[in-house]
Amino acid sequence: MTDMTRHQAEERIAKLRELINNYRYHYHVLDESIMSEEAADSLKHELSQLETSYPNLITPDSPTQRVAGAPSPEFVSVEHSQRMLSLNDVFNEVEVAAWRDRVLKLLPADTKLEYFVDIKMDGLACALHYENGVLVRGITRGDGFVGEDVTANIRTIESIPLRLHATKGFEHFLDGRTEVRGEILMYKTDFEALNRQREAAGKPLFANPRNTAAGTIRQLDPSLVAGRKLYFRAYDMLRDDPANLPTHAQAYEVMRALGFLANRQASVVSGVDAVMHFAREWDTKRHDLPFNTDGLVVKVNNRRLYADLGVVGKAPRAAVAYKYAAEQATTKVKDIFISIGRTGAATPVAMLEPVVVAGSTVQMATLHNEGEVKRKDIRVGDTVIVHKAGDIIPEVVEPLTTLRDGSEKPFVMPEKCPDCGTKLVKINAKDAAWRCPNEACPSRSWKRIEHFASKAALDIEGLGEKNVIALLGAGLVKDPADIFTLSEQQVVQLDRFAQISARKLVAAIQAKKQPPLSRFIYGLGIRHIGVQTAIDLANTFKSIESLYQATIDELNAVEGVGAIVAESVVEWFAEPSNRQLMSKFAANGVRPETVATVGGKLAGLNFVVTGSLEQMSRDQAAEQIRALGGTFQSSVGKDTDYLVVGKNVGASKLAKAAKLGTKQINEQALVEMLA
Ligand code: IVH
């Protein structure tokens, strides 16, 4: 947060408390959600940071001072046989490794650890007590020491056996006391169906499955509970004779034999690498699970070691929760500026106070167009919720208007291009989208050249954003064709270059005078032409001259090319400045390679396959890629065009590809390219 006076901090704290309390009230009392839990967490974090800086502003009613889970007087309180613990969170590989080191330090030097990893289910914890195989009690977690007796309610959950199954070989677990702990869940589809019903009945909607499950279990009327579909999934088992359950993996086996659901995804792995592999695999697959999860539970598999390692604070030392990165956070809009794209689109962009979302720092978020800014009423100075998932460009979800202090400034779309001063023109009335019509706008030139030189286009090393801006600023280039006339003497005069770097850049440019046709087409930056469409066009028209002359009908006939693309191509080549650009390319000696008539479909493209393929062997893939003119490489490098990602993928290739920005495709996409 920016520097604040004490008075400003006091005001901000008051507003944050009000909004967080309002969120909590809606969430816990009304079963409604006014924002995501992640966004609320982000606000709580800001509040607790402010309170740390101004400790005498802490009041007992602050949301940071709340102690969770005190048992409700409506239910009978029951003491747990053993404390129900929580887990400490870890967020990345470094933190997993640090946890492993802390654990190993306490164990004999040669200890080889196995880990038991499972999905961390987002429900409510419950302990079930069985006596001689018969369910006698169900207790909520409560404060960990004392919970609420909700036996009548949990008896309506079909996946809880009222009597343990006497599976052959496991009968002795029916003797004496057995406690099974697990998570009570509402499945996502049941939750959605319930909310649809409520919507139809005009009732307020529930916030999320976990909250609904928790609310349901704490209903005083069991018949109401029976009407809601809940599940129980077991994760732990306590016996008076723990020696019979040497590992967590075996405890899961036993619990299954006794009639419980226990996650089949759970598995035993060795080493932090394997834990991370499991984590990455489930980061995408978790969305297909029937219930919500925000991470994994990683435990030392050996239950004896697990017990010996003891408890630190409220958590066992021998287990951690691996949390996937939150996809939402809150931050402040520092400014809104206009970015001119290579096609001239004038996009408002929010400059943000840096915030970590989905594992990376976000400083800018697209606001799409003027209409969107107005609709969402995003103002400079607003605290906003930012959303980002995986590789997706960050977006501003909404401003938190109750946190405004009056200093926020509404956004006004400029009438003129901020770079060249040309009057912007409206291209879409509905969304109030604007563009700079000046083909020679410096911003457009810069982005066009940068795109032309980018990895997926001509792949000219050393011609990134900063160098392009320097060349433009010195008046040495105006468009992508100009770069081919650059001499070492010209380049070396720029501050950014010395003799060697200037020589290298000029050589790198000259080496690309006969680019593969598809890359050249892609590099022109014609609207709607991505890498694949460029390949399709190159394969059909075979030379830049024929593409130049292609009619809408001819273009439309190309597989994968629709009316929008066809029109865009024709429009582009009809534009006089683009025609001039094409003549300039020719005059400067640029001759895109004509695609060979036979078998050159993948000419100039380099492939790497990682993991195992299902429809063909690696050798077959290599053979087919080569037969079509492509290159099959053994490892990902700067010149790799496609990383084909199969099953059981090694993390290192993916990491390298991500670092280099290599395009990743799945097996099906490869099959289609080979067809
Ligand atoms: S193992 C110390 N396994 O997460 C308790 N817990 O933050 C470790 N949870 O109270 C228990 N899924 O309610 C375990 N597969 C899983 C779990 C899981 C969800 C909950 C559990 C626990 C909380 C700890």
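Reading guide: rules and limits
Residues numbered from 1 in each chain as written. Predicted model: local features only at pLDDT ≥ 70, side-chain atom pairs only at ≥ 80, totals over all residues. Heavy atoms only, no water. Helix = DSSP H or I, 4+ residues; strand = E, 2+ residues; numbered from the N terminus. Buried < 20%, exposed > 50% of the residue type's maximum accessible area, 1.4 Å probe, protein only. Contact = heavy atoms within 4.5 Å. Areas by Shrake-Rupley, 256 points an atom, 1.4 Å probe, with all protein chains shown as cover. Lys, Arg positive; Asp, Glu negative; His and termini not counted. Charge placed at Lys NZ, Arg CZ, Asp CG, Glu CD. Expected span 1.5 Å × (residues − 1). Arc of directions from axis to C-beta. Near = heavy atom within 4 Å. Polar contact = N/O pair within 3.5 Å; in protein donor to acceptor, adjacent residues only side chain to side chain. Phe/Tyr/Trp six-rings, centres within 6.5 Å; stacked < 30°, edge-to-face > 60°. Core = buried A, V, L, I, M, F, W, Y, C linked by side-chain atoms within 4.5 Å. Salt bridge = Lys/Arg side-chain N within 4 Å of Asp/Glu carboxyl O. Pairing = 2+ DSSP bridges. Axes fitted to C-alpha atoms, helices over the stretch in contact; angles between N-to-C directions.

Peer 1: What am I meant to see in the overall build of the chain here?
Peer 2: Looking only at helices and strands, the chain features 24 helices and 26 strands. Considering only C-alpha atoms, the chain reaches an extent of 90 × 65 × 55 Å along its principal axes. Across the 675 residues in the chain, those meeting the buried criterion constitute 46%. Across the chain, the fraction of contacts at a sequence separation of at least 24, relative to all contacts at a separation of at least 6, is 67%. Counting every atom, the chain has about 33,200 Å² of accessible surface; 51% of that belongs to carbon and sulfur. Between the mean site of the 82 positive side-chain charges and the mean site of the 85 negative ones, the chain shows a separation of 2 Å.

Peer 1: Please clarify how helix H20 (residues 563-574) should be interpreted in this entry.
Peer 2: Three or four residues apart is the spacing at which side chains of an α-helix point the same way, because the helix has 3.6 residues per turn. With 12 residues, H20 ought to run about 16 Å at 1.5 Å a step, and its terminal C-alpha atoms sit 16 Å apart, in line with that. Taken together, the buried positions of H20 are Val565, Ala566, Ser568, Val569, Trp572 and Phe573. Take H20 and look down its axis: the buried residues cluster within an arc of 165°, on one side only. Opposite the packed face of H20, turned more than 90 degrees from it, sit the exposed residues Ile564 and Glu571. Residues of H20 that are buried in the fold lie against helix H12 (442-453), helix H17 (531-541), helix H18 (544-549), helix H19 (552-556) and helix H21 (576-587).

Peer 1: Would you mind going over the site of the ligand with me for this structure?
Peer 2: Among the 14 residues in the neighbourhood of the ligand, the closest are listed as Asp118, Ile119, Met121, Glu183 and Tyr235. Within the contact set of the ligand, a nitrogen atom lies 3.0 Å away from a side-chain nitrogen or oxygen of Asp118. One of the side-chain nitrogen or oxygen atoms of Lys120 is found 3.3 Å away from an oxygen atom of the ligand. Summarising the interface, the protein chains cover 90% of the accessible area of the ligand, which totals 510 Å² for the free molecule. Those elements giving two or more residues to the shell around the ligand turn out to be strand S3 (115-121) and strand S10 (293-300).

Peer 1: Mind showing me how you'd approach the packing of aromatic side chains here?
Peer 2: Working definition: an aromatic ring pair is given by the centre-to-centre distance plus the angle between the planes. Considering all chains together, one arrives at 17 aromatic pairs under this definition. With a centroid separation of 5.8 Å and an interplanar angle of 85°, the aromatic rings of Tyr130 and Phe260 are classed as edge-to-face. Pair noted here: Tyr130 is in strand S4 (residues 124-131) and Phe260 is in the loop between helix H8 (248-257) and strand S9 (267-269), with a separation of 130 residues, a long-range link. Here Phe260 falls in the buried class, since its relative accessible area comes to 5%. An angle of 80° between the planes, with centres 5.7 Å apart, marks the rings of Tyr322 and Tyr324 as edge-to-face. Note on accessibility: Tyr322 and Tyr324 belong to one class, buried. Cluster of aromatic residues (ring-pair linked, three or more members): Phe452, Phe484, Phe520 and Phe585.

Peer 1: Honestly, helix H9 (residues 272-285) in this entry has me stumped. Any pointers?
Peer 2: Its 14 residues give H9 an end-to-end C-alpha distance of 20 Å, which sits within 8% of 20 Å, the value for a rise of 1.5 Å per residue. Burial in H9 covers these residues: Val272, Val275, Met276, Phe278, Ala279 and Trp282. Along the axis of H9, the buried residues cluster in a sector spanning 155°; they form a single face. Of the exposed residues in H9, those oriented more than 90 degrees away from the buried face are Asp273 and Thr284. For H9, the elements touching its buried residues are helix H3 (93-105), S3, S9, S10 and strand S13 (319-323).

Peer 1: Explanation requested: the nonpolar core in the structure shown.
Peer 2: In a soluble, globular protein the nonpolar side chains are often hidden away together inside. Within the largest apolar cluster, 50 residues are counted, with the highest numbers of intra-cluster contacts made by Ile483 and Phe585. Counting only elements with at least two residues in this core, the list comes to H12, helix H13 (465-473), helix H15 (499-510), helix H16 (517-523), H17, H18, H20 and H21. Sequence-distant contacts of Ile483, defined by excluding residues within four places in its chain, comprise Ile449, Phe452, Ile460, Leu463, Val477 and Ile509. One finds Leu164, Val180, Met237 and Tyr252 within the second-largest nonpolar core, a separate group that totals 36 residues.

Peer 1: What should I look at first to understand the pattern of salt bridges in this one?
Peer 2: Think of it this way: side chains of opposite charge can pair up when their charged atoms draw near. For the structure on display, the rule yields 32 salt bridges. For Glu372, the salt bridge goes to Lys376, with nearest N and O atoms at 2.8 Å. Here the residue Glu372 and the residue Lys376 both occupy positions in helix H11 (residues 370-376), the gap between them amounting to four residues, near one helical turn. By relative accessible area, Glu372 is classed as buried at 14%. One continuous salt-bridge network, built from bridges that share partners, spans Asp377, Arg379, Asp382 and Arg404.

Peer 1: What am I meant to see in the sheet that holds strand S26 (residues 663-666) here?
Peer 2: In sheet architecture, strand pairing relies on hydrogen bonds along the backbone and comes in two forms, parallel and antiparallel. The sheet built from four strands is open, its strands ordered S24-S23-S25-S26 with parallel pairing. Bordering the open sheet on either side are strand S24 (631-633) and S26, each of which pairs with just one other strand. With direction set aside, neighbouring strand axes in the sheet form an average angle of 35°. Sheet topology places strand S23 (residues 606-610) next to strand S25 (residues 642-645); four bridges connect them, and they run parallel. From the neighbouring strand, Thr610 faces S25, where its bridge partner is Val645. Here helix H23 (residues 651-660) sits on the sheet in contact with S23, S25 and S26, set at roughly 150° to S25. Sitting on the sheet, helix H24 (residues 667-674) touches S23, S25 and S26, and the angle it makes with S26 is about 90°.

Peer 1: Help me out: how do you make sense of the pairing of S3 in this one?
Peer 2: Consecutive side chains along a regular strand alternate between the two faces of the sheet. The element S3 is largely enclosed, with a buried count of six among its seven residues. By the bridge criterion, three bridges tie S3 to S9 in an arrangement that is antiparallel. In the strand pairing of S9, Tyr115 is matched with Val269. Strand direction decides the pairing type here: S3 and S10, joined by seven bridges, are antiparallel. When the bridges of S10 are listed, Tyr115 appears paired with Val300.

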